[in-house]
Protein chains: 2
Amino acid sequence: MEKNLLVGQSGGPTCVINSSLYGIIKEAKKHLEINKIYGSLNGIEGTINDQIIDLTSLDEMNLELLKQTPGAILGSARYCLKDNLNDNDYKKIKETFVKHNIHYFLYIGGNDSMDTVNKINMYFQKNNFDCQVIGIPKTIDNDLLYSDHTPGYASAIRFIANSINDIKQDIKCYKKGKVTIVEIMGRNTGWLAAGSKLASLNDNAPDLIYLPEGNFSIAKFVEDVKNVYQKNQNALVCVNEEIKDENGQYLLQENNNSIESDSFGHKQFGGVANNLATIIKNKLHIPVRAIELNLLQRCFSSSISLVDIKEAINCGKFAVRQLLKNQTGKVVILKRNPNQYRISYKLISVDKIANKIKYFPKEWIINDNDISNKFIEYALPLITKSYHCKCENGLVKFAKLKK
Amino acid sequence: MEKNLLVGQSGGPTCVINSSLYGIIKEAKKHLEINKIYGSLNGIEGTINDQIIDLTSLDEMNLELLKQTPGAILGSARYCLKDNLNDNDYKKIKETFVKHNIHYFLYIGGNDSMDTVNKINMYFQKNNFDCQVIGIPKTIDNDLLYSDHTPGYASAIRFIANSINDIKQDIKCYKKGKVTIVEIMGRNTGWLAAGSKLASLNDNAPDLIYLPEGNFSIAKFVEDVKNVYQKNQNALVCVNEEIKDENGQYLLQENNNSIESDSFGHKQFGGVANNLATIIKNKLHIPVRAIELNLLQRCFSSSISLVDIKEAINCGKFAVRQLLKNQTGKVVILKRNPNQYRISYKLISVDKIANKIKYFPKEWIINDNDISNKFIEYALPLITKSYHCKCENGLVKFAKLKK
């Protein structure tokens, strides 16, 4: 019997989400048990609507370019399956699987997407449908439980650390400078904002760093900034986009265009830096500027971390091998060798991870406005080298799929 | 008699402002006529206050690292000399020159800084002080008259083009996406915003581009965005930070923190994208997001243009040779060979350039919302290759000076 594999991508993409796809295709082609490799367009939506494409014969050039292509090449989705397994979506998913002889399913995504993996697996088990289902982690947020880190995080903090390194170098030019407040992504957690601390390795550390896991009070923030500015005549402040004040209120501007909810009920944030800048301006009357690193944190391709690409590929390859060992309802996690930096890959039950959050360790936060060297030890191996991208006309070249 | 050279840096820095310094030091060391090489800290302020440092014995490693160090390594200034040549500042400048036997003066800066070059030269001529004064161009804005382009511009549009390339790739992931409005720097002119068009070379062009040299009306803007969004279910819009509406009003948000004036009376802009996003949201009721590329446009070091570094170095070297030919009151300009891309360096009277603006050619603007291929032909040679930066700990390594 012909047995085919289907892969989908979901959630906010990263710089290496397509490297995992590369790993899957490379590995799947090695195994005779797998006949065709299909891609589901726009995550699970493509499966529901029978919009799938054949990736088996993707040419070598475009396959290689997947490693340097940001954004989910198959298209992404933020689609939440119902808890009720009798929902019509599940029936339609199964129809697509049956129609195309799909018996292996891989889903590349973050903790929301692992909810989808979990539900589809439960549905198949309940209905005795023969299909292995495995999740592959992907999120710049680095908030997946049990995994040392997540593919996508390394490239994001490599971009953040170098951006802060550059911004601080620029700021230092002026005798009398500004307070510069840089807003860094990170849903619920400060993993990405902490990445700014890595610029200290080139003597360009931010002066202040605020994470949602620390205690934040506006009064202390103003005092902190005042002290730094009095000493240096400038200040570089990094803040996570979701920090809350002492009353538990998000520090967002009213009428901010960015406050919307996605289908998982997560708000889209942005505007904290600008709001804090207004506070500094009003209270301290010193020049201030707000910068959001924004979307580039998850898609800047010119300096992708080499380790990140390798690990994302390995996750894909490992997942394929595990499918063939009859594993299902699992997600790949990364385990770090405690001595020299080396990663091994394991499986864990997806229900242990889905919809859960790994927070930044409180013991790595200093004085609620700085990050300890423990974090630098943890994060440095992730960013040391950059992938050497193929460019054409000065632009990083991207893979193209026929859809 | 000992004759020394002094160099200063001024205005908003670029990624290659220190490459020109590298060129100056390298060339000056070759000539016996030049004894010591001094740097003026924080532009002309360092000369006024006798804060200068000796660069003659800068070690080879830090000299080489200048090529990949953004921000003005000598410190920058936005200091405007008085029109009245009897002002005390001029006397103090001359005192510093006399004290340190300075008879050659180079100033790296934009069109404001060329005003400083012009005034100092006039003062020295008026007072029969033997000193050659030459300006070296530097500005990401590319707004210097007579020069084919300016050092700093190439790296800035290389970053902008690749950022747009990445953002568009990310945006394309979603079936039903957002309107993304990207705000790009550029004082008075659209040279930088036009750089976004280069992403078309990787099929990732912005859908709409608005420059201050085009006619902008909010009604047409809303209509443009509506049409693109109806067709693609997303839209990528690039706008210059200084576009004005049909009544000649800047499209800034009220209470925006970024609206301040520098000592030349130039306003610091920012906030246009957010304001336009509010308009789209209110009029079209579709999801929208504002992104400012911000400071990284002038300091992102991981992908500096190789051509930019070479030309910035050559400007510095050429200027030193011209000083020794008794040239003064001049500024270096870049002339392009009309056939194959090749740059030659010329001098032009500084008063022809100081405080003047080279606008983006109107004939390269299409339908007030797009850029013609003529611009791509012009700009492509500037961005084709990137300098291979030395990194340490995953960060671009910067030169350090003892101050």
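Residues numbered from 1 in each chain as written. Chains lettered and ligands numbered in written order. Predicted model: local features only at pLDDT ≥ 70, side-chain atom pairs only at ≥ 80, totals over all residues. Heavy atoms only, no water.

Observations regarding the side chain of A:His149
All names here are of chain A. The condition is simple: Numbering of helices and strands runs from the N terminus; a helix is a DSSP stretch of H or I covering at least four residues, while a strand is a stretch of E covering at least two. We call a residue buried when its accessible area falls under 20% of the maximum for its residue type, exposed when it is over 50%, and partly exposed in between, using a 1.4 Å probe and counting protein chains only. Polar contact criterion, stated in full: a pair of N or O atoms within 3.5 Å, where within protein one must be able to donate a hydrogen and the other to accept it, and residues adjacent in sequence count only if both atoms are side-chain atoms. A contact between two residues is defined here by any heavy atoms of the two lying within 4.5 Å.
In this structure, His149 sits in the loop between strand 5 (132-137) and helix 6 (153-171). Exposure remark for His149: the relative accessible area of 0% places this residue in the buried category. Engagement of the side chain of His149 in a polar contact is seen with the side chain of Asp148, the distance being 2.7 Å. Here His149 is in contact with Asn142, Glu311, Leu334, Arg336, Tyr341, Ile343, Lys358, Tyr378 and Leu382, once residues within four sequence places are set aside.

Notes on the packing of helix 4 (residues 88-99) of chain B against helix 5 (residues 111-126) of chain B
All names here are of chain B. This is how it is decided: To get an axis, fit a line to the C-alpha atoms, keeping to the stretch in contact for a helix; angles then go from 0 to 180 degrees between the N-to-C directions. Here is the rule for angles: anything less than 35 degrees is roughly parallel, anything more than 145 is roughly antiparallel, 65 through 115 is roughly perpendicular, and the remaining ranges are oblique. Side-chain classes are defined by residue name, with Ala, Val, Leu, Ile, Met, Phe, Trp, Tyr, Cys and Pro counting as nonpolar, Asp, Glu, Lys and Arg as charged, and the others, Gly among them, as polar.
Viewed as axis vectors pointing N to C, helix 4 and helix 5 meet at an angle of 75°, and their least axial separation amounts to 11 Å. Viewed along their axes, helix 4 and helix 5 adopt a mutual orientation that is roughly perpendicular. Contacts from Tyr90, Lys91, Ile93, Lys94 and Phe97 in helix 4 reach Lys119, Ile120, Tyr123 and Phe124 in helix 5. Of the residues belonging to the contact of helix 4 with helix 5, the class tally is 6 nonpolar, no polar and 3 charged.

With respect to the interface of chain B and chain A
This is how it is decided: When a carboxyl oxygen of Asp or Glu is within 4 Å of a side-chain nitrogen of Lys or Arg, the pair counts as a salt bridge.
Facing the 73 residues of chain B at the interface are 73 residues of chain A. A salt bridge links A:Lys400 to B:Asp203; its shortest N-O distance comes to 3.4 Å. Across the contact surface, chain B and chain A share 24 residue pairs in polar contact (both at pLDDT 80 or more). Contributing elements (two or more residues each) for the side of chain B that touches chain A: helix 6 (153-171), helix 9 (272-284), strand 9 (288-292), helix 10 (296-299), helix 12 (373-383) and strand 15 (395-396) of chain B. Sorting elements by how many residues they give to the side of chain B that touches chain A places helix 6 of chain B first, with 10 residues. The residue makeup of the side of chain B that touches chain A, split by class, is 30 nonpolar, 28 polar and 15 charged.

Quick notes on empty space enclosed by the protein
Under the convention used in this document: Note on definitions: the grid is 1 Å and covers protein atoms alone; a cavity is a set of points where a 1.4 Å probe fits but cannot get out; a pocket is an open set with protein on both sides within 12 Å along at least five of seven lines; lining residues have an atom within 4 Å of a point. Grid points are joined across faces, edges and corners, and a volume is the space filled by probe spheres set on the points.
What the rule picks out here adds up to 2 cavities of 30 Å³ or more. In this structure, the second largest cavity encloses a volume near 40 Å³. Every residue along the wall of the second largest cavity is listed here: A:Ile291, A:Glu292, A:Leu293, A:Asn294, A:Leu296, B:Ile291, B:Glu292, B:Leu293, B:Asn294 and B:Leu296. Looking at the lining of the second largest cavity, the elements with two or more residues in it are strand 11 (288-292) of chain A together with strand 9 of chain B. Tallied by class, the residues present in the lining of the second largest cavity amount to 6 nonpolar, 2 polar and 2 charged.

Thoughts on the confidence of the model for chain A
All names here are of chain A. Defined as follows: Predictor confidence is given residue by residue as pLDDT, running from a minimum of 0 to a maximum of 100.
Here chain A shows a mean pLDDT of 93. Residues at 70 or above account for 95%. Note that pLDDT drops below 50 for residues 254-262; the model gives that stretch 25 contacts with residues more than four away or on any other chain. Within the model, pLDDT remains below 50 along residues 265-269, and this stretch shows 17 contacts once partners closer than five positions in the same chain are excluded. Among the scores for the predicted complex, ipTM is 0.95 and pTM is 0.95.

Quick look at helix 1 (residues 17-28) of chain B
All names here are of chain B. Cut-off, in case you're wondering: A helix is expected to span 1.5 Å for every residue after the first.
Taking 1.5 Å of rise per residue, the 12 residues of helix 1 would be expected to cover 16 Å, and the 17 Å separating its terminal C-alpha atoms lies within 8% of that figure. In terms of residue burial, helix 1 counts as a mostly covered element, since 11 of its 12 residues are buried. What helix 1 keeps buried is the set Ile17, Asn18, Ser19, Ser20, Leu21, Tyr22, Gly23, Ile24, Ile25, Glu27 and Ala28. Tucked into the core, helix 1 has its buried residues touching strand 1 (4-9), strand 2 (37-40), helix 3 (60-65), strand 4 (102-109), strand 5 (132-137) and helix 11 (306-323).

Topic: the sheet that holds strand 9 of chain B
All names here are of chain B. Spelled out, the test is: When DSSP finds two or more bridges between two strands, those strands count as paired.
Ordered by their spatial adjacency, 4 strands build an open sheet running 7-8-6-9, and the pairing between neighbours is parallel. In this open sheet, the two strands that pair with only one neighbour each are strand 7 (208-210) and strand 9. Averaged over all pairs of adjacent strands, the angle between their axes in this sheet comes to 15°, without regard to strand direction. Relative to strand 8 (residues 235-240), strand 6 (residues 179-184) runs parallel, the two sharing 6 bridges. Across the sheet, the residue bridging to Glu183 is Val239, located in strand 8. Across the sheet, helix 8 (residues 218-232) is in contact with strand 6, strand 7 and strand 8; its angle to strand 7 comes to roughly 160°.

As for the pattern of salt bridges
Using the criterion set out here, one finds 34 salt bridges over all chains in the structure. B:Glu45 is the partner of A:Lys175 in a salt bridge, and the nearest nitrogen-oxygen pair spans 3.7 Å. Separated into two different chains, A:Lys175 in the loop between helix 6 and strand 6 (179-184) and B:Glu45 in helix 2 (residues 44-48) make up a pair that spans both. Residue A:Lys175 is classed as partly exposed on the basis of its relative accessible area of 39%.

A short note on the domain arrangement of chain A
Residues and elements named next belong to chain A. Where we set the bar: Boundaries of every domain are those given by an automatic assignment or by a domain database. We define buried area as the total accessible area lost by two parts upon association, computed with a 1.4 Å probe and summed across both.
Domain boundaries in chain A define domain 1 (4-151 + 302-356 + 385-396) and domain 2 (153-299). Here the C-alpha centroids of domain 1 and domain 2 sit 32 Å apart. In this complex, domain 1 contributes 25 residues to the contact, which on the side of domain 2 involves 18 residues. Interface of domain 1 and domain 2: buried area, both sides summed, is about 1900 Å²; carbon and sulfur atoms make up 53% of it. In this structure, the connection of domain 1 to domain 2 is made through 1 salt bridge. In this structure, Asp112 engages Arg187 in a salt bridge whose closest nitrogen and oxygen atoms are separated by 3.3 Å. Residues belonging to the side of domain 1 that touches domain 2 are distributed by class as follows: 9 nonpolar, 10 polar and 6 charged.

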